[in-house]
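# Residue-level structural notes
Spelled out from the first residue to the last, the chains are:
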Amino acid sequence: MQSLDLYEQKILSDPEFPVQMHVNDKNRKMCYFSQHWHEHIELHYVMEGRTLLRLNQRDILAREGNLVIANSNETHAGYCDGSHMKVLVIIFDMGDFSKELADKDILFQSLIEKDAVIDGIMSAIYEEFQEQKIGYRLICKGELLKLIAHLVREYAVKVLTERESDRRKKQLERLNTVLDYIQTNYTRQIGIRELADVIHLSEGRFNHLFKEGMGISPLQYINEVRVKKAMNLLKRRENTVAEIADSVGFTDYNHFGRQFRRYYGCPPSEILKK
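Nothing here was measured: the structure is a model prediction, and the numbers come from that model.

Here the focus is helix 8 (residues 253–264). One turn of an α-helix holds 3.6 residues; hence residues three or four places apart share an orientation. For helix 8, with twelve residues, the first-to-last C-alpha span of 16 Å sits near the 16 Å given by 1.5 Å per residue. Regarding helix 8, the residues found buried are Phe256, Gln259, Phe260, Tyr263 and Tyr264. Mapping the buried residues of helix 8 onto a view down its axis gives an arc of 105 degrees, with all of them on the same face. Exposed residues lying more than 90 degrees from the buried face of helix 8 are Asn254 and Arg258. Where helix 8 is buried, its residues meet strand 2 (29–36), helix 6 (218–236), helix 7 (241–247) and helix 9 (268–273). Two to three positions downstream of the cap, the backbone nitrogen of Asn254 sits 2.9 Å from a side-chain oxygen, assigning the N-cap of helix 8 to Asp252. Just downstream of helix 8, Gly265 is the residue with a positive phi angle, here 80 degrees.

Written as structure tokens, this is what we have:
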């Protein structure tokens, strides 16, 4: 079962090529990766189609040729609207590539459009990654170094102080405590006051912190957790839709149907039929 923890630990163990790369190739409506954060920079370059990426509280529609940057310690999630999309994802730590930049927490522009330099670099990396001929890691590493230098010179928005960087990370860690609590208690009714008490905040301050970090309200997030749990149960085909709705915490069957369709693009009964 998919973990719903907000923090995702990245272990890039190859000192010669400390990079994680993969391609998200999707053609149905879905959340193809859930909201999470880590200390690494994550690049999403759209090769074909379009994708919706949620960075903190901002939704970004990225089209072919666009680059979206999820900065260090920034929550992000990805969605496909049902049309075909192909996105090259590159994850790395700035300090692994440059001693000059290792002690700087740089925030980059989130969405970059129509940059010929980036287009050329990402196309070269994608081609090498697909073919994986001998020496492809060397070429990819060289291209990535060029990309980092280009981003630092042209698209750096702010360099965070150590205090600002620590504050961002502390907020995300506090949110993770709340998400763990939701994971344990999603089958019953959970109020905002109860969640705020978990991390000793007022309701107003808690709502602001949650929305700032997750991009959605606490109640929206709880509904997302419940429909994901429901999807796993529906795939087992051991219970009726109504029984599953009740078991994951929905007291209103019609509300469950609306939330499920909103998230997965189809009614829950369709999953049972498949």
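One open sheet holds the four strands; their spatial order is 2-7-4-5, and the pairing between them is antiparallel. The open sheet is flanked by strand 2 and strand 5 (58–63), the only strands paired with a single partner. Pairs of neighbouring strands in the sheet enclose a mean axial angle of 20 degrees, with direction left out of account. Note: strand 2 against strand 7 (residues 76–81), five bridges, orientation antiparallel. In the sheet register, Cys31 faces strand 7, and the bridge partner there is Tyr79.

Relative to the assigned elements, Asn223 resides in helix 6. Those residues in contact with Asn223, other than ones at most four positions away along the chain, are Phe250, His255 and Gln259.

Axis separation between helix 3 (residues 162–185) and helix 6 bottoms out at 10 Å; the angle between their running directions is 45 degrees. Classified by the angle between their axes, helix 3 and helix 6 sit oblique to one another. You can see that helix 3 and helix 6 cross each other, and the crossing is right-handed. Residues Leu179, Ile182 and Gln183 of helix 3 form the contact with helix 6, whose participating residues are Tyr221, Ile222, Val225 and Lys229.

What follows covers the pattern of salt bridges. Tallied over the entire structure, the rule returns eight salt bridges. Of the charged contacts, one joins Lys146 and Glu143 as a salt bridge, the two residues approaching to 3.4 Å between their closest N and O atoms. Of the two residues, Lys146 and Glu143 both sit in helix 2 (residues 136–154), three residues apart, roughly one turn of that helix. The partly exposed category is assigned to Lys146, whose relative accessible area is 46%. For Glu143, a relative accessible area of 15% translates into the label buried. In this structure, Asp197 and Arg193 form a salt bridge, with 2.7 Å as the shortest nitrogen-oxygen distance. Residue Asp197 and its partner Arg193 are located together in helix 4 (residues 192–198), separated by four residues, close to a single helical turn. Taken together, the salt bridges that share partners define one network made up of Arg54, Asp59 and Glu224.

Read from one edge to the other, the open sheet built from five strands follows the order 1-8-3-6-10, with strand pairing classed as antiparallel. Bordering the open sheet on either side are strand 1 (19–26) and strand 10 (111–112), each of which pairs with just one other strand. Of the strand pairs in this sheet, strand 3 (residues 41–48) and strand 6 (residues 67–70) are connected by four bridges, and their pairing is antiparallel. Among the inter-strand pairings, His44 is bridged to a residue of strand 6, identified as Val68. Contacting strand 1, strand 3, strand 6, strand 8 (85–92) and strand 10, helix 2 crosses the sheet at an angle of about 85 degrees to strand 8.

Definitions and cut-offs
Residues numbered from 1 in each chain as written. Predicted model: local features only at pLDDT ≥ 70, side-chain atom pairs only at ≥ 80, totals over all residues. Heavy atoms only, no water. Helix = DSSP H or I, 4+ residues; strand = E, 2+ residues; numbered from the N terminus. Expected span 1.5 Å × (residues − 1). Buried < 20%, exposed > 50% of the residue type's maximum accessible area, 1.4 Å probe, protein only. Arc of directions from axis to C-beta. Contact = heavy atoms within 4.5 Å. Polar contact = N/O pair within 3.5 Å; in protein donor to acceptor, adjacent residues only side chain to side chain. Pairing = 2+ DSSP bridges. Axes fitted to C-alpha atoms, helices over the stretch in contact; angles between N-to-C directions. Parallel < 35°, antiparallel > 145°, perpendicular 65-115°, else oblique. Left-handed = near helix turned anticlockwise from the far one by under 90°. Salt bridge = Lys/Arg side-chain N within 4 Å of Asp/Glu carboxyl O.

By themselves, these observations are geometric and do not establish any function.
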